[in-house]
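What the coordinates show
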Amino acid sequence: MLNQSIVVARKEITDSLRDIRAVISSFFYAIMGPLVVGLVSISTHGSASEANVLVGMMAVFTLVAAFVGGMNIAMDTVAGERERRSLLPLLLNPIRRVDLMIGKWLAVSLFAAAGLAINLLGFAVVLRGSGMHLAGNWPHLLRVLALGMLPLPLLAASLQLLISTVCRAVKEAQTYLSLIVFLPMSLGMFLVFFPASAREWCRVLPLAGQQLQLESAIKGSEIPLLQTLVLGCLTVALAFVILRVAGNRLQRDEIIYGN
Amino acid sequence: MIQIQNLRKSFGHRAVVQDLSFNAPDGAITGLLGANGAGKSTTLRMICGVLTPDSGSIQIGRLGALLDHAGIYSRLTVRENLTYFGELQGIPRKQLDDRVDEVISTLGLDSIAGTRTVGFSQGERMKTALGRAILHSPQNLLLDEPTNGLDVPTIRSLRELLRRLRDLGQCILFSSHVLDEVRALCDKVVVISNGRLVAEGSPADLCSQTGTSSLEEAFVALTC
């Protein structure tokens, strides 16, 4: 039931916000992109060709921010619960395990979305301060952010929770979740340096699509509404599929015994 | 009342519980006794529903449980820990605060109720976990080696609490390998060895069945 999922989400959010160190590290991860781009923009003195690379970098960092915002809570909320042996008493409650997972997913998604929002605010500040001249198709950019980017934290949260259910301890989860951050990073970098490799269908592919649409919108291109919508829907659908798999993993005996 | 019939559970090729049947009646404290690895915790986990048996049946009403580790949230206070579980148990919000206060005072946790549980002693953690288990007034209470790591005053207050709950008509099933504990507390003992039932009855019954004078000797005669 959604009520119970909300109870779980509320507890996870309260619990995670009290982990001040984790909150601070997530914050630094989120503003890492604006800081790096800000520093590089000072050295390029706003030259147009280099601004193009910077825009690509910004898009990559924004994708990464959606993945790092919820990373700490994702590893703590399942692998951490297993390690501290609090998952077993939690599973004794009359709550369907899929509802439990949805609650945790809502909380992780919120943190991931917060990471994304802080990153975007950071970029807005950097752009104003650096005097970079970007064409910027702002209405389309806003549309891409709202319809294409907003589902990304949902996907990141699902993927991270799935990995967290496979891991037995926070340390193990940390290793794999850090690797997962390379997924948007390497894909994004690849597309920045080999833009010709991006086929039209890549623009609706979760992750690649966000990177390409975001970059194009910042550079001033028009993005068809349908393209953004398809990208958003595919991202949400993939997030649900992965969440379902993660929920199913909670049904297994290994989750109790940690083998 | 807990009724278990022909319960089986294997992990891979290893049969942990084999054709186990027993009852734990209402208004009694039943001890599940067995050596390390006899299948006590696995049985309790199946009764709780966190592990699915390979076959067999379990009949049980409303259940509260405290399994091997306290597993409480260190960044939440005692009250928040209890409230979270109360909400998940579906206790209506209006009654929940009163019930949490009642449990806190029953367990003598008043002075630390508003404190985050990080750094709590083993006894304080165990009491918080016990509070969580009895919060929704379950008819059946399952405890897996509840006295592990507790000091004498805490063990005594736990015993008193369990007797009080039994006198209220609740069914209490707890596992232990501490024979003194079982003798002091249990009305009925179920002895398992290698996942099988080897004896059932009051501590005195077991002694007379085996022709021994102490529960320890009876246990050795039954399981070794």
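Calculation criteria
- Residues numbered from 1 in each chain as written.
- Chains lettered and ligands numbered in written order.
- Predicted model: local features only at pLDDT ≥ 70, side-chain atom pairs only at ≥ 80, totals over all residues.
- Heavy atoms only, no water.
- Phe/Tyr/Trp six-rings, centres within 6.5 Å; stacked < 30°, edge-to-face > 60°.
- Buried < 20%, exposed > 50% of the residue type's maximum accessible area, 1.4 Å probe, protein only.
- Helix = DSSP H or I, 4+ residues; strand = E, 2+ residues; numbered from the N terminus.
- Core = buried A, V, L, I, M, F, W, Y, C linked by side-chain atoms within 4.5 Å.
- Contact = heavy atoms within 4.5 Å.
- Pairing = 2+ DSSP bridges.
- Axes fitted to C-alpha atoms, helices over the stretch in contact; angles between N-to-C directions.
- Buried area = accessible area lost by both parts, 1.4 Å probe.
- Salt bridge = Lys/Arg side-chain N within 4 Å of Asp/Glu carboxyl O.
- Polar contact = N/O pair within 3.5 Å; in protein donor to acceptor, adjacent residues only side chain to side chain.
- Nonpolar A, V, L, I, M, F, W, Y, C, P; charged D, E, K, R; others polar.
- Parallel < 35°, antiparallel > 145°, perpendicular 65-115°, else oblique.
- Left-handed = near helix turned anticlockwise from the far one by under 90°.

Moving on to the packing of aromatic side chains. Two numbers describe a pair of aromatic rings. These are the distance of the centres and the angle of the planes. Residue and element names in this part refer to chain B. All told, the structure shown has four aromatic pairs over all chains when counted by the stated rule. Pairing Tyr84 with Phe85 gives two aromatic rings, centres 5.7 Å apart and planes at 85°, and the pair type is edge-to-face. An identical accessibility class is assigned to Tyr84 and Phe85; each is buried. Ring pairing ties together the aromatic residues Tyr73, Tyr84 and Phe85, which thus form one cluster.

Mapping Phe182 of chain A onto the fold places it in helix α9 (residues 170-193). For Phe182 of chain A and Phe67 of chain A, which are 115 residues apart along the polypeptide, the C-alpha to C-alpha distance reads 9.6 Å.

Here the focus is the nonpolar core. One finds Leu142 and Leu173 of chain B to be the most contacted residues of the largest nonpolar core, which totals 97 residues. If one sorts the elements of this core by residue count, helix α3 (residues 48-68) of chain A sits on top with 13 residues. Not counting the four nearest positions on each side in its chain, Leu142 of chain B is found in contact with Ile2, Leu44, Ile47, Cys48, Leu63, Gly64, Ala65, Leu66 and Leu173 of chain B.

This paragraph deals with the sheet that holds strand β4 (residues 55-59) of chain B. Residue and element names in this part refer to chain B. The sheet built from three strands is open, its strands ordered β2-β1-β4 with antiparallel pairing. Two strands close off the open sheet at either side, each with one partner strand: β2 (14-24) and β4. The sheet shows a mean angle of 20° between the axes of neighbouring strands, taken without regard to direction. As defined by bridge partners, strand β1 (residues 2-11) adjoins β2 across seven bridges and the pair is classed as antiparallel. In the sheet register, Ser10 faces β2, and the bridge partner there is Ala15. Against the sheet, helix α1 (residues 40-48) makes contact with β1, β2 and β4, and its axis sits at roughly 115° relative to β1, the strand it touches most.

Before going further, it helps to examine the interface of chain A and chain B. Across the boundary between the two partners, chain A contributes 26 residues, which contact 27 residues of chain B. Here chain A meets chain B over a buried area of about 2,500 Å², counting both sides, of which 54% is carbon and sulfur. Between Arg75 of chain B and Asp19 of chain A there is a salt bridge, and its shortest N-O distance comes to 3.5 Å. At the junction of chain A with chain B, the criterion picks out nine residue pairs in polar contact (both at pLDDT 80 or more). Elements with a minimum of two residues in the side of chain A that touches chain B: α1 (2-17), α4 (71-83), α5 (87-91) and α12 (254-257) of chain A. The biggest single contributor to the side of chain A that touches chain B is α1 of chain A, with seven residues. In the side of chain A that touches chain B, the residues fall into 11 nonpolar, three polar and 12 charged.

Residues and elements named next belong to chain B. Spatially, β5-β6-β7-β3-β8-β9 is the arrangement adopted by the six strands of the open sheet, whose pairing is mixed. Every other strand in the sheet has two partners, leaving β5 (63-66) and β9 (196-201) as the edge strands with one partner each. Across the sheet, the mean angle from the axis of one strand to that of its neighbour is 15°, orientation sign disregarded. Pairing analysis gives four bridges linking strand β3 (residues 28-33) to strand β8 (residues 188-193), with the strands arranged parallel. For Gly31, the partnering residue across the bridge sits in β8 and is Val189. Against the sheet, helix α5 (residues 152-167) touches β3, β6 (140-144) and β7 (171-176), its axis set at about 125° to β3. Against the sheet, helix α7 (residues 203-210) touches β8 and β9, its axis set at about 110° to β9.

This brings us to the pairing of β5 of chain B. Residue and element names in this part refer to chain B. Side chains Leu63 and Ala65 of β5 all project onto a buried face; the interleaved residues Gly64 and Leu66 project onto the opposite face, where all are buried too. Here β5 runs beside β6; their pairing, made up of four bridges, is parallel. Across the sheet, residue Ala65 finds its bridge partner in β6, namely Leu142.

Bringing the packing of helix α8 (residues 151-166) of chain A against α9 of chain A into the picture now. All names here are of chain A. Contact pair α8 / α9: the axes reach a minimum separation of 10 Å and the direction vectors enclose 150°. Compared by their axis directions, α8 and α9 come out roughly antiparallel. Between α8 and α9 lies a crossing whose hand is right-handed. Contacts between α8 and α9 involve Leu159, Gln160 and Ile163 from the former and Tyr176, Leu177, Ile180 and Leu183 from the latter. Among the residues making up the contact of α8 with α9, the classes are represented as six nonpolar, one polar and no charged.

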